[in-house]
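Remarks on the overall topology
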Amino acid sequence: MLNNIKKQSGFTIVELLIVIVVIAILAAISIVAYNGIQNRGKASAEQSLASQIAKKAEAFNTVESSYPANVTGFGNGTGAAGHPKEAKLDDPTQVVDWTSSNVSLAATYVSGSQNRVVYRPRTGGACVFWWDYSASTPIQKIVTAGAAVTGNTAGTGCTE
């Protein structure tokens, strides 16, 4: 008689719910970690681009004894007057010119624009702005070239 009883195998509903909850917790943790990795990657790329632009501005200054007046001033790398090969930007579309009418840089470039690096010529140097997305709120950072200073010094300050 005992041989006629069939044992049913399977998972109970409680066991299935526990597995689903554990998977959901792991998914939530990985999504948060992934966003942090993306933001650190963006910040690293923008910092690298800003440093590259500052170095190219220095190269331009070495050849021409002045800093480019705007992004197009870096030239096309043909070696013609005012366009030293060393200062050619790899992708000028990634860089935006500072204009006096664009005083709300943080609101403009933190909002998701692809052009998050801003070039600003200053007396005896240049300032390159980029945003650090790895912080809880994006922070504006500055890379300087030449005699440009990060403060509010008249004519040479990046933030004036």
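One structure accompanies this document, and this report is about it. Just so you know, these numbers come straight off a predicted model, no measurement behind them. (Residues numbered from 1 in each chain as written. Predicted model: local features only at pLDDT ≥ 70, side-chain atom pairs only at ≥ 80, totals over all residues. Heavy atoms only, no water.)

The subject of this paragraph is the overall build of the protein chain. Along its length, the protein chain carries two helices and four strands. If you list the helices and strands of the protein chain from N to C, you get α-β-α-β-β-β. Expressed as a percentage of the 160 residues in the protein chain, the buried residues total 28%. Across the protein chain, contacts joining residues at least 24 apart in sequence account for 39% of those joining residues at least 6 apart. With an accessible surface of roughly 10,100 Å², the protein chain has 59% of that area assigned to carbon and sulfur atoms. (Helix = DSSP H or I, 4+ residues; strand = E, 2+ residues; numbered from the N terminus. Buried < 20%, exposed > 50% of the residue type's maximum accessible area, 1.4 Å probe, protein only. Contact = heavy atoms within 4.5 Å. Areas by Shrake-Rupley, 256 points an atom, 1.4 Å probe, with all protein chains shown as cover.)

Moving on, we come to the state of the cysteines. Enumeration according to the criterion identifies one disulfide in this entry. The side chain of C127 participates in a disulfide bridge whose partner is C158; the two sulfur atoms lie 1.8 Å from each other. The S-S bond linking C127 to C158 shows a torsion near -85°; that makes this disulfide left-handed. Taken together, the positions of C127 in strand β3 (residues 125–132) and C158 in the segment after β4 (139–146) put the pair 31 residues apart, joining distant regions of the chain. In terms of burial, C127 and C158 fall into one category: buried. (Disulfide = S-S within 2.5 Å.)

Together, I13, V14, L17, I18, I20, V21, V22, I25, L26 and I29 make up an exposed nonpolar region whose accessible area comes to about 980 Å². Secondary-structure assignment places I29 in helix α1 (residues 13–64). (Patch = residues over 30% accessible without salt bridge, like charges linked within 9 Å, V, L, I, M, F, W, Y side chains within 5 Å. Salt bridge = Lys/Arg side-chain N within 4 Å of Asp/Glu carboxyl O.)

On to α1, then. For α1, which comprises 52 residues, the first-to-last C-alpha distance of 76 Å matches the rise-based estimate of 76 Å (1.5 Å per residue) to within 8%. Looking at the buried side of α1, the elements it contacts are β1 (95–97), β2 (117–122), β3 and β4. Backbone geometry just downstream of α1 places S65 in the positive-phi region, at approximately 60°. (Expected span 1.5 Å × (residues − 1).)

Read from one edge to the other, the open sheet built from four strands follows the order β1-β2-β3-β4, with strand pairing classed as mixed. Bordering the open sheet on either side are β1 and β4, each of which pairs with just one other strand. Between one strand and the next, the sheet's axes are offset by a mean angle of 30°, whatever the strand orientation. In the packing of α1 onto the sheet, contacts are made with β1, β2, β3 and β4, and the angle to β3 comes to roughly 175°. (Pairing = 2+ DSSP bridges. Axes fitted to C-alpha atoms, helices over the stretch in contact; angles between N-to-C directions.)

Okay, the pairing of β3 next. The element β3 is extensively covered by neighbouring structure, given that eight of its eight residues are classed as buried. With burial as the criterion, each face of β3 is covered, one bearing G125, C127, F129 and W131 and the other bearing A126, V128, W130 and D132. As paired strands, β2 and β3 are joined by five bridges and run antiparallel to one another. Paired with V118 across the strands is F129, a residue of β3. Where β2 folds back on β3, the antiparallel hairpin that results is connected by two residues, among which G124 adopts a positive phi of roughly 75°.

With phi around 60°, S65 is a residue other than glycine that occupies positive phi space. In this structure, S65 sits in the loop between α1 and β1. Residue class for S65 comes out exposed when judged on its relative accessible area of 63%.

This next bit is on the nonpolar core. Across soluble globular proteins, nonpolar side chains show a tendency to be buried alongside one another. Among the nonpolar cores identified, the biggest contains 20 residues, and I53, F74, V117, Y119 and V128 are the most heavily contacted of them. Sorting the residues of this core by element identifies α1, β2, β3 and β4 as the ones contributing at least two each. Sorting elements by how many residues they give to this core places α1 first, with seven residues. Those residues in contact with V117, other than ones at most four positions away along the chain, are E46, L49, A50, I53, Q94, V95, V96, V128, F129 and W130. In this structure, V96, V118, F129 and A148 belong to the second largest nonpolar core, which totals eight residues. (Core = buried A, V, L, I, M, F, W, Y, C linked by side-chain atoms within 4.5 Å.)

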